[in-house]
Amino acid sequence: MGTENKLKVLICGGGNGAHCLAGLSSSNPDIETRVLTLFADEAERWSKILQTDDLTVTIVNSDGSSSEIKSKPTLVTKDPKSATTGADVIFLTVPAFAHEQYFREISPFVGDNTLLVGLPGQAGFEFQCLYMLGEKAKSCIVMSAESLPWACRILEFGRLVQILGIKETLGVSKLQGSRSKPTGSAFETVQKVLGPKPVLREIQNYIAVNLMAKSIIHPPLMYGQWRSFDGKPLKEKPLFYQGVDETQARLLSAVSDECIAIGKAIETQIPGTDMSEVIHIFDWYLTYYADQITNKSSLMTAMQTNKAYDGLTHPMKEVEGGEFVPDFGYRYTAEDVPFGLVVMKGIGQLAGVATPVMDEIITWAQGKLNQEYLVGSELSGKDVSKTRAPQRFGFRSVQQLFDV
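Keep in mind it's a predicted model, so treat the numbers as computed, not measured.

A few points about the sheet that holds strand β10 (residues 160-166)
So, point 1. An order of β4-β3-β10-β9 is seen for the four strands of this open sheet, with the pairing classed as mixed. Each having just a single partner strand, β4 (66-71) and β9 (150-156) make up the two edges of the open sheet. Between one strand axis and the next, the sheet turns by 20° as a mean value, whatever way the strands run.
So, point 2. In this structure, β9 lies alongside β10, joined through six bridges in antiparallel fashion. Bridge pairing links Cys152 to Ile163 in β10.

Shown next as structure tokens:
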């Protein structure tokens, strides 16, 4: 197939997810795969590696066997113009805090009918995308996935990435600009890039995806583990998911209940709106990790026995004597609160729903981050402008969320 007929895919990022997506996309001969990474000298280092080596994706199957895919992206660059010009699909596979930088760099070169995909979008992705693209957003399609399709990690930068687990299905929402004229199905296009799994499932409204963002998982577990931490270093890193106790599971369950309550309130306030996609986190685990979980009796046991989480530990910093203290600057707190819980809290506030457990966790986290999002139970702190809460982008009512 000539280059002019290939689907032109741009992957923004250079981390675990970007490596994984670059390897899978590049293995499809009908796709021209480009990578844009703005971080430090990543693009230069990755390009140099690809001159002599393939990018290998190793897939660990649920039965313990493994397979591998070898391929090469067409281009790895730091230059937004050469990366973005002519791209049909743009995946943002970077942490939420980096989205703003990428939007700023690629926006001038985004063409009509471009499909922009947050993989994952994380809470507030659409608010920020529409705000940063301005008028151009009306000619584009914005999609947001509720999580990464895989649990994956880089084993060797630029050369080797490992997929530890692939989700069965993945919920994705779509916002179509009023002037966009897409050819074919946006969902089929994204499925073509990802491969057969996970099977994409369309979520009917983008607010549901915001309330189902997986950033709800990490802050309750961090708070549950470290809320009474006395500063004394630990001899080893505690397991993150597989070490979940009853308190952590209760906190996570309560935050999930609050998201469901927000969804139900929105259904009441906006007739005809379907928020049934906002399901409890326990039901989500049973759906998305069906063949990875061995004990499905409770949320706690489901997390403790999820094979996709084998060996994953709390984010820790090593201190003197080879001991460890928690790293509150890691994305589980520094990203998943301002670009996760705070966004859900903001939607809840617009809907008039009290969120006491979210408030408790956000209040603890903002202390660790030296930020101010909440004042009491109101999202009126001086640092709301550093979050993706809908209030930051001028939304003042639930109705406005649906008038975009």
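On we go.
Looking at the pairing of strand β11 (residues 169-176)
So, point 1. Two elements, strand β8 (residues 141-145) and β11, share five bridges in a ladder whose sense is antiparallel. Within β11, the residue paired with Ile141 across the bridge is Gln176.
So, point 2. Sheet topology note: the β11/strand β12 (residues 199-203) ladder contains five bridges and is parallel. When the sheet's bridge partners are listed, Ser173 is paired in β12 with Ile203.

Quick notes on the sheet that holds β11
So, point 1. Read from one edge to the other, the open sheet built from eight strands follows the order β5-β2-β1-β6-β7-β8-β11-β12, with strand pairing classed as mixed. The sheet terminates laterally at β5 (75-77) and β12, the two strands that pair on one side only. Neighbour-to-neighbour, the strand axes of this sheet turn through a mean angle of 25°, independent of strand direction.
So, point 2. Where strand β1 (residues 7-12) lies against strand β2 (residues 31-36), six bridges are found, and the strand directions are parallel. Residue pairing across strands places Ile11 opposite Val35, the latter belonging to β2.

Here we look at the environment of Glu318
So, point 1. Secondary-structure assignment places Glu318 in strand β13 (residues 316-319).
So, point 2. Since its relative accessible area comes to 58%, Glu318 is described here as exposed.
So, point 3. Separated by 288 residues in sequence, Glu318 and Asp30 have C-alpha atoms that sit 46 Å apart.
So, point 4. Apart from the residues lying within four places of it in its own chain, the contact partners of Glu318 are Glu323 and Phe324.

Some words on the nonpolar core
So, point 1. Formed by 97 residues in total, the largest nonpolar core has its most connected members in Ile217 and Tyr285.
So, point 2. Here the element with the most residues in this core is helix α9 (residues 246-269); it accounts for nine residues.
So, point 3. Ranked by size, the runner-up nonpolar core spans 39 residues in total, among them Val35, Trp46, Val89 and Ile141.

Details of helix α6 (residues 186-194)
So, point 1. Within α6, seven of the nine residues are buried, which leaves it mostly tucked inside the rest of the structure.
So, point 2. Every buried residue of α6 is accounted for by Ala186, Phe187, Thr189, Val190, Gln191, Val193 and Leu194.
So, point 3. Two to three positions downstream of the cap, the backbone nitrogen of Phe187 sits 3.2 Å from a side-chain oxygen, assigning the N-cap of α6 to Ser185.
So, point 4. One or two positions beyond α6, positive phi appears at Gly195, with a value near 100°.

Rules used throughout
Residues numbered from 1 in each chain as written. Predicted model: local features only at pLDDT ≥ 70, side-chain atom pairs only at ≥ 80, totals over all residues. Heavy atoms only, no water. Pairing = 2+ DSSP bridges. Helix = DSSP H or I, 4+ residues; strand = E, 2+ residues; numbered from the N terminus. Axes fitted to C-alpha atoms, helices over the stretch in contact; angles between N-to-C directions. Buried < 20%, exposed > 50% of the residue type's maximum accessible area, 1.4 Å probe, protein only. Contact = heavy atoms within 4.5 Å. Core = buried A, V, L, I, M, F, W, Y, C linked by side-chain atoms within 4.5 Å. Polar contact = N/O pair within 3.5 Å; in protein donor to acceptor, adjacent residues only side chain to side chain.

Bear in mind that shape data such as this cannot, by itself, settle questions of function.
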